[in-house]
Amino acid sequence: MKTFINGTLWQDTKGEPIHAHGGWILFYGGWYYWYGEDRRSRYYVSCYRSQNLTDWEFCNHVLTMDSKMEGYRVQTKLQLQNGDGGKVNLERPKVLYNRKTGKFVLWAHFENGKDYSEAAAAIATCDTPDGDFTYHGHFNPYGCMSRDCTLFQEDDGTAYFISAARDNADLHVYRLTDDYMNVEALVHRLWQGEFREAPAVTKIGGTYYMLTSFCTNWAPNQGKYASAPAMEGRWSNLSDIGDATTYGSQPAFLLQKDGRVLYFGDRWGGDGEKYFTSGYVVYPLEEHEGKLVLKPTVEAAL
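Predicted, not measured: the structure shown is a model, and the values here were computed from it. (Residues numbered from 1 in each chain as written. Predicted model: local features only at pLDDT ≥ 70, side-chain atom pairs only at ≥ 80, totals over all residues. Heavy atoms only, no water.)

A. Local environment of the overall build of the chain. For the chain, the count of helices and strands is zero helices and 20 strands. Scaling as 2.2 N^0.38, a compact globule of 302 residues should have a C-alpha radius of gyration of about 19 Å, and the chain matches this with 18 Å. Over its C-alpha atoms, taken along the principal directions, the chain stretches across nearly 50 × 45 × 35 Å. A total of about 12400 Å² of accessible surface is found on the chain, and carbon and sulfur atoms cover 46% of it. (Helix = DSSP H or I, 4+ residues; strand = E, 2+ residues; numbered from the N terminus. Rg over C-alpha atoms; globule rule 2.2 N^0.38 Å. Areas by Shrake-Rupley, 256 points an atom, 1.4 Å probe, with all protein chains shown as cover.)

The structure is reproduced here in structure tokens:
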């Protein structure tokens, strides 16, 4: 088993850098599948797997510029290249397994690769967790902007898509349809004018918690969190978590493992070539009398 140092770019079992930025881990069939942004070459989303969270085996570039595209009942724009034949942006990919359909459904933030004017949600599916995903296009839920995003799945299978809207000024919470292929209802417009991004959600006991960051481009900032008795319940005001830089990170997702909650974050290197030096952090996240506490560590708390 490896020991990972927080803030560094980790390596897989072959010694290659793990490119799973802005990512997400799905536990399925005894394996943890780690999906994330991979901006190298013609790739968009790559997938790794592990049984212990430390030995990560590369599986597949599950979405690329050359992935199969296929429309479905929702009107979307099928586009994996921009008008100049260059790359688009697919950011913060999140994947859920739908028990009713047997499909793995990926949601992400889509931009055209030139600017951030699209602000759309993108969807792809696959029959296996690490196979070649089929891209079903991007759209704006109820005509709203959709930028940094995450997913949350209840024990009964009900799923939610959470994304930054209105130029990041608000955060929207959508309940998904039973097949996870569309939004069914906009259930919340949260924290209007507070400009939150990078949402991550978990449930501890009977309370739901959402972590977010402020909008400061590639620089880390003061993380905040809020709580609610239900996803569609009333969310609290925002409270600080961590220090002024969230211990040098931005939330990616929250993972529950063996009774613990692990905070996975990105330590961004910056734009351009600096992006490829971006590292990861994993800190313990604990709840004490209704308050969340993030504990910085040198080694990843895996």
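B. Focus on the pairing of strand β15 (residues 223-228). Across five bridges, the pairing between strand β14 (residues 207-214) and β15 is antiparallel. The residue of β15 that forms the bridge with Y209 is S227. With three bridges connecting them, β15 and strand β16 (residues 239-241) associate as antiparallel partners. In the strand pairing of β16, K224 is matched with D240. (Pairing = 2+ DSSP bridges.)

C. Region of the structure containing the nonpolar core. Counting residues in hydrophobic clusters, the biggest one holds 59 residues, and the most contacted among them are I25, W34, Y35, W56, L63, W107 and F133. Dropping the residues within four chain positions of it, L63 is found in contact with Y43, Y44, V45, L90, L106, A124, F133 and Y135. Judged by nonpolar contacts, the second largest core, of 16 residues, contains A164, L171, V173 and M231. (Core = buried A, V, L, I, M, F, W, Y, C linked by side-chain atoms within 4.5 Å. Buried < 20%, exposed > 50% of the residue type's maximum accessible area, 1.4 Å probe, protein only. Contact = heavy atoms within 4.5 Å.)

D. Spatial organisation of the packing of aromatic side chains. Counting across every chain of the model gives 27 aromatic pairs. With a centroid separation of 4.9 Å and an interplanar angle of 50°, the aromatic rings of Y28 and Y97 are classed as tilted. Here Y28, found in strand β1 (residues 21-28), pairs with Y97, found in strand β5 (residues 89-98); they are 69 residues apart in sequence, far enough to count as distant. Ring geometry for Y209 versus Y225: centroids 6.3 Å apart, planes at 55°, classification tilted. (Phe/Tyr/Trp six-rings, centres within 6.5 Å; stacked < 30°, edge-to-face > 60°.)

E. How the structure looks around the pattern of salt bridges. Under the defined criterion, the tally for this structure stands at 19 salt bridges. We note a salt bridge from K68 to E70, for which the minimum N-O separation is 3.4 Å. For E70, a relative accessible area of 37% translates into the label partly exposed. One salt bridge connects K103 with D127, and the closest N-O pair in it is separated by 2.7 Å. Remark: D127 occurs in the loop between β7 (120-126) and β8 (134-139) and K103 occurs in strand β6 (residues 103-111); sequence separation between them is 24 residues. Assessed through its relative accessible area of 54%, D127 is described here as exposed. In this structure, a network of salt bridges that share partners links the residues E37, R39 and E91. (Salt bridge = Lys/Arg side-chain N within 4 Å of Asp/Glu carboxyl O.)

F. The environment of K87, seen in detail. Within the secondary structure layout, K87 lies in the loop between β4 (57-64) and β5. With sequence-adjacent residues up to four places away left out, K87 is seen in contact with D38, R39, R40, S41, R42, Y43, Y44, M65, N82, N112 and G113. A distance of 2.5 Å separates the side chain of K87 from the backbone oxygen of Y43, its partner in a polar contact. (Polar contact = N/O pair within 3.5 Å; in protein donor to acceptor, adjacent residues only side chain to side chain.)

G. Spotlight on the sheet that holds strand β3 (residues 43-50). The antiparallel open sheet is built from four strands, whose spatial order is β1-β2-β3-β4. Strand pairing shows two members of the sheet lacking a second neighbour, β1 and β4, which therefore form its edges. Each strand axis lies, on average, 25° off the axis of its neighbour in the sheet, ignoring direction. The pairing of β1 with strand β2 (residues 31-37) spans six bridges and is classified as antiparallel. (Axes fitted to C-alpha atoms, helices over the stretch in contact; angles between N-to-C directions.)

H. How the structure looks around the environment of R49. Within the fold, R49 resides in strand β3. In sequence terms R49 and L90 are 41 residues apart; their C-alpha atoms lie 21 Å from each other. Sequence-distant contacts of R49, that is, excluding residues within four places in its chain, are made with W31, Y32, Y33, D55, W56, E57 and C59.

I. Spotlight on the sheet that holds strand β20 (residues 291-294). Spatially, four strands are ordered β17-β18-β19-β20 in an open sheet, and the strand pairing comes out antiparallel. Each edge of the sheet is formed by a strand with only one pairing partner; in this case those strands are β17 (250-257) and β20. Looking at each pair of strands side by side, their axes are set apart by 30° on average, direction ignored. Relative to strand β19 (residues 279-288), strand β18 (residues 260-267) runs antiparallel, the two sharing seven bridges. Along β19, the bridge assignment pairs V261 with L285.

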